[in-house]
Every structure is written in structure tokens, then in C-alpha cells.
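Chain by chain, the residues run as shown.
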Amino acid sequence: MKTWKKVLAFALAAGMSLSLLAGCGSDTTGGDTNSPAPSGSTAPTESLTAEVTGPAAWTSVDDLKGAKIAVQEGTTGNDVASAIEGTQISAFKAATACAMELMNGRVDCVVIDSNPAQALVNANPDKLMILDFPASEESETYAIATQKNDEGAALAEEFNTAMATLKENGTFDALVAKYISKEEDATLPELKPVENPKGTLVMGTNCEFEPFEYLTSDGTPTGFDVDFVKYLCAEMGYEVTIENMDFDALIPALQSGRIDFIAAGLTRNEEREKNANFTDGYYEATQSIVVLKPEA
């Protein structure tokens with residue numbers, strides 16, 4: 001009996017010793033886990049920076065193969081995205097609708113011209129970003145489209161002459177500073193009144209393409225193209241009215257005579273030249289890729 005009591009006492013003493021060692025927080029290397037880490041050291045258990053995955057990690061157009069892409073219908077972005085292997089295209093009337101589709105997780109990205117892409121990001125800076133490579137290596141040229149007849153060709157030449165004047169007198173650069181570069185102190189020259197106008201021209205546009213054409217809070221068309229045309233027509237001796245319509249309705253409206261010309265960030269290309277005359281180019285653009293920002 002005495003022997004059994006001695007064994008029991010020894011076991012209790014050993015257990016208490018182990019508990020005390022555990023309470024000190026010693027590890028197998030002899031360090032004290034309750035002591036603060038040395039200055040400048042990094043905890044080995046987790047990374048400080050999360051790995052970026054998904055579309056935000058894309059590095060080339062090849063990564064877009066098989067992606068779900070939102071585009072503005074009838075645009076160059078639509079054509080570029082459709083040419084990428086295996087893509088599923090969702091086309092919308094407005095660039096803002098493309099952005100909503102992206103933010104709601106129904107598409108992987110938006111392919112759209114560089115400046116409207118930046119406008120989408122500016123409106124949603126905490127959610128959207130532009131990838132640092134273009135959707136296409138080819139740039140595109142915006143031009144004004146006129147009717148495919150002798151009158152349209154003559155009007156295009158009038159526009160060309162006025163465009164050259166606005167570039168020479170600084171008006172074009174002032175428009176770029178205000179609408180494209182977004183310079184806070186940018187000012188536009190006074191728009192001279194048209195005395196004894198030669199007539200009224202009807203401009204067709206699509207006010208879903210900021211900063212080139214969009215609507216103010218009260219529904220008034222504004223933007224680079226809108227003001228550019230006002231200065232051009234004043235220089236040419238015309239008054240101008242603006243018809244806002246769907247982008248893919250612009251060429252048919254021009255062909256039917258409903259409008260006299262199109263100024264809508266419209267890319268001049270061989271297919272469109274079959275149905276319209278075009279002025280000289282006035283702006284070069286590229287196709288950008290907008291994706292969701294990675295979660296912090």
C-alpha cells in the first residue's frame with residue numbers, strides 16, 4: 001500500500017511539471033512564444049499580400065480566350081471582343097450597362113474604347129480597374145461620317161477645312177484639355193454666333209460614350225464631340241441640332257436622310273466607308289479592358 005502511494009505521488013509531481021513547462025510557452029527551439037517578435041521580423045504563418053487571381057491577373061489578350069465579355073453593341077469593342085477565341089459576348093446599348101454587368105459578376109470584363117473605359121473607372125474607382133495592356137494592338141481613328149452621296153462628300157470637305165482651322169487656332173486643344181485630359185483650369189473660347197446661316201445640319205450621336213458624348217443631369221447632350229461640332233458648324237456657317245439615338249441606329253439614320261452627319265466617337269473603317277463618306281480623322285483611340293479590382 002505504501003509503495004502504491006509513492007507511485008501515485010510521483011505521477012502527480014511529473015504531471016505538474018509538464019503543466020508548468022507548457023504554461024511557459026517554450027517551443028522546440030528554446031524560444032518563448034509569449035515574447036514579442038524581434039523588430040523587423042515577419043510572422044511565418046501567413047503572407048502579408050494576398051495573391052491576385054482571376055481577370056485582374058491577366059497579362060495578355062490570350063487570357064481572354066473563353067471569357068464572358070460585355071461590350072457596347074455596334075462598336076469596335078464589339079468587333080474586337082468577338083474576334084477573341086471562345087468568348088461569350090453580351091452587348092448593351094450603354095457603356096454604363098456594361099459596367100453594371102461586370103460589377104454584378106455576370107461577365108469577366110468589359111472591352112471598350114480607352115477614354116470611355118477611364119470614365120467607367122472614374123465613376124467606380126473602388127470597384128473597377130483597367131488592365132495595362134490593350135484588347136487590340138491596332139489603334140482606331142475617329143472621324144465624322146456624312147451621307148454617301150455628292151452632297152455628303154462636299155460636306156465632309158467643309159468639315160475638313162473647319163477642323164484644320166480649329167486645330168490652328170487652339171480650339172481643338174482646348175476641347176482635349178477640358179474633356180479628355182480633364183484639366184481643371186481648361187477654358188473654351190467663346191462660340192461665335194452664326195449670322196445668316198446657310199442652313200441647319202442635324203447631327204446624329206449616341207450619348208452613352210463619355211467623355212465624347214453624354215447627357216448632363218438635366219438631359220442635355222454634352223461632351224467633346226458635341227462641342228467640337230458646335231465650333232465646326234459655327235466656322236462653316238451652319239446652325240446645328242442634335243439627335244440622340246442608339247449607336248447601331250446611326251448609319252441607317254444617315255442613309256435614310258434623318259440626319260446629315262454622325263459625330264459619335266465613330267471609327268472610320270472599310271466596312272463603314274461602304275455606307276458613308278468620312279472626314280479626316282480627329283482622334284486616335286485603342287480598346288481597353290476593364291475588370292473588377294481584386295479584393296483587398
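Definitions and limits used
Residues numbered from 1 in each chain as written. Predicted model: local features only at pLDDT ≥ 70, side-chain atom pairs only at ≥ 80, totals over all residues. Heavy atoms only, no water. Helix = DSSP H or I, 4+ residues; strand = E, 2+ residues; numbered from the N terminus. Contact = heavy atoms within 4.5 Å. Areas by Shrake-Rupley, 256 points an atom, 1.4 Å probe, with all protein chains shown as cover. Expected span 1.5 Å × (residues − 1). Buried < 20%, exposed > 50% of the residue type's maximum accessible area, 1.4 Å probe, protein only. pLDDT = per-residue confidence, 0-100. Lys, Arg positive; Asp, Glu negative; His and termini not counted. Salt bridge = Lys/Arg side-chain N within 4 Å of Asp/Glu carboxyl O.

Participant: Would you mind going over the overall build of the protein chain in detail, with residue names and values included?
Facilitator: Check the secondary structure of the protein chain and you find nine helices and 14 strands. Pairs at least 24 apart in sequence give 71% of the contacts found in the protein chain among residues at least 6 apart. Carbon and sulfur atoms make up 51% of the accessible area of the protein chain, which totals about 16600 Å².

Participant: An account of helix α5 (residues 150–168) is needed here, citing residue identities and associated values.
Facilitator: Over its 19 residues, α5 runs 28 Å from end to end, which matches the ideal 27 Å to within 8%, given 1.5 Å per residue. Residues of α5 that are buried: Gly152, Leu155, Ala156, Phe159, Asn160, Ala162, Met163 and Leu166. The positive-phi residue at the C-terminal boundary of α5 is Gly170, with phi of around 90°.

Participant: I'd like a rundown of the confidence of the model for the protein chain, residues and numbers included.
Facilitator: On average, residues of the protein chain carry a pLDDT of 87, and 83% of them reach 70 or more. Contacts of residues 1–48 to residues separated by more than four positions or lying in other chains number 10 contacts, the stretch itself having pLDDT below 50.

Participant: I'd love a proper account of the side chain of Asp225, names of residues and values included.
Facilitator: As for its position among the elements, Asp225 is in helix α7 (residues 224–236). We note that Asp225 is buried and unpaired, the nearest opposite charge coming from Arg272 at a distance of 11 Å. Apart from residues no more than four positions distant in its own chain, Asp225 is found in contact with Met203, Phe212, Glu213, Ala263, Ala264, Gly265 and Tyr282.

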